[in-house]
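Chain by chain, the residues run as shown.
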Amino acid sequence: QVQLVESGGGLVQPGGSLSLSCAASRSIRSIVAMSWYRQAPGKERELVANINRDDKSYYAEPVEGRFTISRDYAENTVYLQMDSLKPEDTAVYYCYAWLEGTEYWGPGTQVTVSS
């Protein structure tokens, strides 16, 4: 099992930056892939980015070139650096892990991009 806790959300102006963190309760070395999802009001949850054990990453088209996912094995933490934020990035952001056949989600952190 693993518990995931996100942090770093908040209110930012368009064009600004935020860095989200996802702290895991155990070593993330055994987790094949970890991801960030988001869900905006009235919309379905969507994949934002993921990273695997080889540090290969994938980004959804709306965020490619603006967001960067990374993982720190020493801190058991996955990060999402978000730059050039747009109002349409407003959502609750969730951390996700797939471990030994089970899905794990964090409780989410709110990101609001508004002037």
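The structure this text deals with has already been given above.
Before going into details, it helps to say that this report is about the structure given with it. (Residues numbered from 1 in each chain as written. Predicted model: local features only at pLDDT ≥ 70, side-chain atom pairs only at ≥ 80, totals over all residues. Heavy atoms only, no water.)

A word on the environment of Ile31. The topology assignment puts Ile31 in the loop between strand S3 (18-24) and strand S4 (33-39). What makes Ile31 buried here is its relative accessible area of 0%. Residues Ile31 and Glu46, spaced 15 residues apart in sequence, show a C-alpha to C-alpha distance of 20 Å. Filtering out sequence-adjacent residues up to four positions away, Ile31 remains in contact with Arg53, Arg71, Ala97, Trp98 and Leu99. (Helix = DSSP H or I, 4+ residues; strand = E, 2+ residues; numbered from the N terminus. Buried < 20%, exposed > 50% of the residue type's maximum accessible area, 1.4 Å probe, protein only. Contact = heavy atoms within 4.5 Å.)

Below, the discussion takes up the sheet that holds strand S1 (residues 4-7). Pairing is antiparallel across the open sheet formed by 4 strands, whose spatial order is S1-S3-S8-S7. The sheet terminates laterally at S1 and strand S7 (67-72), the two strands that pair on one side only. Going across the sheet, the axis of each strand differs from the next one's by a mean of 15°, ignoring polarity. (Pairing = 2+ DSSP bridges. Axes fitted to C-alpha atoms, helices over the stretch in contact; angles between N-to-C directions.)

Here we come to the pairing of S7. Burial along S7 is one-sided: Phe67, Ile69 and Arg71 are buried, while Thr68, Ser70 and Asp72, pointing the other way, are not. Taken together, the 6 bridges between S7 and strand S8 (residues 77-82) define a ladder with antiparallel strand orientation. Across the sheet, residue Thr68 finds its bridge partner in S8, namely Gln81. Where S7 folds back on S8, the antiparallel hairpin that results is connected by 4 residues, among which Asn76 adopts a positive phi of roughly 50°.

Chemically, a disulfide is nothing more than a covalent bond linking the sulfur atoms of two cysteines. Overall, the coordinates contain 1 disulfide when judged by the stated rule. Across the disulfide, Cys22 is cross-linked to Cys95 (sulfur-sulfur distance 2.0 Å). With the S-S bond torsion at -80°, the cross-link from Cys22 to Cys95 turns out left-handed. Here the residue Cys22 occupies a position in strand S3, and Cys95 occupies one in strand S9 (residues 91-99), the gap between them amounting to 73 residues. (Disulfide = S-S within 2.5 Å.)

Here Thr77 lies in strand S8. Side-chain polar atoms of Thr77 contact the backbone oxygen of Glu75, separated by 2.9 Å. Beyond its immediate sequence surroundings of up to four residues, Thr77 is in contact with Ser21, Cys22, Ala23, Ile28, Ser70, Arg71 and Asp72. (Polar contact = N/O pair within 3.5 Å; in protein donor to acceptor, adjacent residues only side chain to side chain.)

We now examine the nonpolar core. Note that soluble globular proteins tend to have their nonpolar side chains buried in a common cluster. Residues Leu4, Met34, Trp36, Leu80, Met82 and Tyr93 are the most contacted members of the largest nonpolar core, which totals 32 residues. Residue assignment for this core shows that the elements contributing at least two residues are S3, S4, strand S5 (46-52), S7, S8, S9 and strand S11 (109-113). The element contributing the most residues to this core is S9, with 5 residues. (Core = buried A, V, L, I, M, F, W, Y, C linked by side-chain atoms within 4.5 Å.)

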